[in-house]
Amino acid sequence: MITSPDDTYSAREAAEFLRKSERQVQRYLTTGKLSGERPNGRWQITALALWKFQGIEQEMKDIWIAYCIGMAKNDVQ
């Protein structure tokens, strides 16, 4: 499954993605170790922030760009 860098996750979803507890993810967020926003009192974390946290940002962005280019080529035909 291809994930867009701007897809957003809740703290619970991010915890599942990172295989951590939700509380641990919330600690990462409050300390700034993981980037996220908290509109309306609930954390929102982008896929890009999760990739940065994991140290796989560039590889995932490259995959996303290749996917977008491939989709654009398919639209032209």
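Structure's up top.
Just so it is clear, the model here is predicted, and its values are computed rather than measured.

Sorry if this is basic, but what is going on with the overall build of the chain here?
Along the chain, the regular secondary structure elements total four helices and two strands. Secondary structure elements of the chain occur, N-terminal to C-terminal, as β-α-α-β-α-α. Along the first, second and third principal axes, the C-alpha set of the chain runs to 50 × 25 × 20 Å. With 77 residues in all, the chain has 23% of them scored as buried. Counting only contacts in the chain whose residues sit at least 6 apart along the sequence, the fraction spanning at least 24 positions is 50%. Total accessible area computed for the chain in this model is approximately 5,600 Å², and 49% of it derives from carbon and sulfur atoms.

Any chance you could explain the side chain of Thr3 here in plain terms?
You can see Thr3 is positioned in the segment before strand S1 (8-9). Those residues in contact with Thr3, other than ones at most four positions away along the chain, are Tyr9, Ala47, Trp51 and Trp64.

Whenever I open this one, the packing of aromatic side chains confuses me. Can you help?
Each aromatic ring pair is summarised here by two numbers: the centre-to-centre distance and the angle between the ring planes. In this structure the tally under the stated criterion is three aromatic pairs. Geometrically, the ring pair formed by Tyr28 and Phe53 is tilted, given 4.8 Å between the ring centres and 45 degrees between the ring planes. Here Tyr28, found in helix H2 (residues 22-31), pairs with Phe53, found in helix H3 (residues 47-54); they are 25 residues apart in sequence, far enough to count as distant. Owing to a relative accessible area of 24%, Phe53 belongs among the partly exposed residues under this scheme.

I would appreciate a short explanation of unusual backbone geometry in the present structure.
Leaving glycine out, the prevailing phi sign among residues is negative, and the prevailing peptide bond configuration is trans. Positive phi values are uncommon outside glycine, yet Arg19 reaches one of about 60 degrees. Classification of Arg19 by relative accessible area gives exposed; the value is 77%. With a phi close to 60 degrees, Asn40 is a non-glycine residue in the positive phi region. Assignment of secondary structure puts Asn40 in the loop between H2 and strand S2 (45-46). Owing to a relative accessible area of 81%, Asn40 belongs among the exposed residues under this scheme.

Calculation rules
Residues numbered from 1 in each chain as written. Predicted model: local features only at pLDDT ≥ 70, side-chain atom pairs only at ≥ 80, totals over all residues. Heavy atoms only, no water. Helix = DSSP H or I, 4+ residues; strand = E, 2+ residues; numbered from the N terminus. Buried < 20%, exposed > 50% of the residue type's maximum accessible area, 1.4 Å probe, protein only. Contact = heavy atoms within 4.5 Å. Areas by Shrake-Rupley, 256 points an atom, 1.4 Å probe, with all protein chains shown as cover. Phe/Tyr/Trp six-rings, centres within 6.5 Å; stacked < 30°, edge-to-face > 60°.

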